[in-house]
Amino acid sequence: KEKSLAQIADPITGINFIGNIDLLQTEISNYDIRFEKYFNNVDIVSLSGFYKDFTNPIEISAYGPATPNDYTPRNVDNAIVYGFEFEVRKKLDSLAKVFTNFSVGGNFTYSFSELTMNQVEYDSRVQNERVGETTNRERKLQGQSPYIINAFINYKNVEKGINVNLNYNVQGKTLAVIGIGRIPDLYDLPFHSLGFKASKKFGLDNRHGISFKITNLLDSKRERAYDSYQAEEVLFYSYRENRTFSFSYTFNL
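Each value, and the rule that gives it
- Residues numbered from 1 in each chain as written.
- Predicted model: local features only at pLDDT ≥ 70, side-chain atom pairs only at ≥ 80, totals over all residues.
- Heavy atoms only, no water.
- Helix = DSSP H or I, 4+ residues; strand = E, 2+ residues; numbered from the N terminus.
- Areas by Shrake-Rupley, 256 points an atom, 1.4 Å probe, with all protein chains shown as cover.
- Lys, Arg positive; Asp, Glu negative; His and termini not counted.
- Charge placed at Lys NZ, Arg CZ, Asp CG, Glu CD.
- Pairing = 2+ DSSP bridges.
- Axes fitted to C-alpha atoms, helices over the stretch in contact; angles between N-to-C directions.
- Phe/Tyr/Trp six-rings, centres within 6.5 Å; stacked < 30°, edge-to-face > 60°.
- Buried < 20%, exposed > 50% of the residue type's maximum accessible area, 1.4 Å probe, protein only.
- Arc of directions from axis to C-beta.
- Contact = heavy atoms within 4.5 Å.
- Patch = residues over 30% accessible without salt bridge, like charges linked within 9 Å, V, L, I, M, F, W, Y side chains within 5 Å.
- Salt bridge = Lys/Arg side-chain N within 4 Å of Asp/Glu carboxyl O.

K.L.:
I'd like a description of the overall build of the protein, backed by residues and values.
P.N.:
Within the protein, the secondary structure is distributed over 1 helix and 18 strands. When the accessible surface of the protein is totalled, it reaches about 15900 Å², and 55% of it is carbon and sulfur. Treating the 29 positive side-chain charges of the protein as one cloud and the 30 negative ones as another, the clouds have centres 11 Å apart.

What follows is the structure, encoded as structure tokens:
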């Protein structure tokens, strides 16, 4: 839909997506370095660094200064993203016998993004500066979260075919839609996701399986807000996904 002439309306949010037939393909050069240390073939500690160079990255922006609910994808010339990731995974059997089947783990990613605005966007921001505001040529890349946190605790009993998992995820405040003219930039605010899943295999060769799953245990809200110079965040939308409960049965032939 991005590289098209389509105009797609979302009746729930009131947002109109307008395609851009002139989009160019994004090219990305990736550079990574990673250190890993394994313990007992299961436990792991790792640290990695990365650098990404984008040519013609595609961003979602407001379509025009008079249409805040119309979005469109556009190319910018270049952008860079760099940062690091730390990961750890550990079985807890060394603590006590009761923790034999338990493991914990998680990872933390921090990233920094930067691009140089084209002349049209830069002039538009300068013309709409507030008192005391100074516009830089550089800004963040749309859609790039400054940090991501994942964590889990898991119970796995192979003999009994039981697996239980509790997992958590959150992403930092992320530039979601590029503003234009007097329309400020829109940001996705952090969403704290906590999920639970339990499964059990049984029968001949463990061909049967049942599982129970809950998402959004914290009943968190999805929120997007305008953010501009020396002004309080103004909500663009806020809604609850609510908790979801699901039960499934599987049979492997």
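Having seen the structure, we can now continue with the description.
K.L.:
Hey, could you go over the sheet that holds strand β13 (residues 185-188) for me, with residue numbers and the actual values?
P.N.:
The 4 strands are arranged β12-β13-β16-β17 in an open sheet whose pairing can be described as antiparallel. Strands with a single pairing partner mark the edges of an open sheet, and in this sheet they are β12 (174-177) and β17 (234-240). When the angles between neighbouring strand axes are averaged without regard to direction, this sheet yields 30°.

K.L.:
Help me get a handle on the packing of aromatic side chains, residues and values and all.
P.N.:
In this structure the tally under the stated criterion is 10 aromatic pairs. When the ring of Y31 is compared with that of Y51, the centres are 6.3 Å apart and the planes differ by 50°; the resulting orientation is tilted. In this pair, Y31 sits in strand β3 (residues 27-39) while Y51 sits in strand β4 (residues 43-55), placing the two residues 20 residues apart along the sequence. For Y51, a relative accessible area of 34% translates into the label partly exposed. Ring geometry for Y226 against F236: centres 5.7 Å apart, planes inclined by 85°, an arrangement best described as edge-to-face. Of this pair, Y226 sits in strand β16 (residues 221-227) while F236 is found in strand β17, placing the two residues 10 residues apart along the sequence. Each member of the pair, Y226 together with F236, is buried. Clustering of aromatic rings is evident, with ring pairs tying together Y31, Y51, Y82 and F112.

K.L.:
Help me get a handle on the pairing of strand β10 (residues 147-157), residues and values and all.
P.N.:
Strand direction decides the pairing type here: strand β8 (residues 102-116) and β10, joined by 9 bridges, are antiparallel. Residue G105 lies in a different strand from β10, and its bridge partner there is F152. Strand direction decides the pairing type here: β10 and strand β11 (residues 162-171), joined by 10 bridges, are antiparallel. From the neighbouring strand, N154 faces β11, where its bridge partner is N165. Between β10 and β11, which pair antiparallel one after the other, the connecting turn spans 4 residues, and G161 there sits at a positive phi close to 70°.

K.L.:
Just give me the short version of helix α1 (residues 119-127), but keep the residues and values in it.
P.N.:
Along α1, the positions that sit buried rather than exposed are E121, Y122 and S124. Projected onto a plane normal to the axis of α1, the buried residues spread over an arc of 160° and lie on a single side. Seen from the buried face of α1, the exposed residues on the opposite side, beyond 90 degrees, are V120 and Q127. Against the buried residues of α1 lie β9 (138-139).

K.L.:
Break down a nonpolar patch on the surface for me, citing the residues and quoting the values.
P.N.:
Residues Y31, L47, Y51, Y82, F84, F86, V88, Y110 and F112 make up a contiguous nonpolar surface patch of roughly 810 Å² in combined accessible area. Secondary-structure elements contributing two or more residues to the nonpolar patch are β4, β7 (78-91) and β8. Per-element tally for the nonpolar patch: the top contributor is β7, with 4 residues.

K.L.:
How would you sum up the pattern of salt bridges? Please name residues and give values.
P.N.:
Here the structure, examined in full by the defined rule, presents 13 salt bridges. Close ionic contact of R139 with E59 constitutes a salt bridge, the shortest N to O distance being 2.6 Å. Placement of R139 in strand β9 and of E59 in strand β5 (residues 58-64) is noted, with a sequence separation of 80 residues between them. The pair R139 / E59 is uniform in exposure class, with both members buried. Here the salt bridges share partners, and the residues they tie into one network are E59, E121, R125, R139 and D185.

K.L.:
Kindly report on the sheet that holds strand β1 (residues 7-9), identifying the contributing residues and their values.
P.N.:
One open sheet accounts for 4 strands, arranged β1-β2-β6-β5; its pairing is mixed. Here the strands that pair on one side only, and so sit at the sheet edges, are β1 and β5. Neighbour-to-neighbour, the strand axes of the sheet open up by a mean angle of 25°, direction not taken into account. Both strand β2 (residues 16-18) and strand β6 (residues 67-75) contribute to a ladder of 2 bridges, which runs parallel. Bridging from a neighbouring strand, N16 pairs with D70 of β6.

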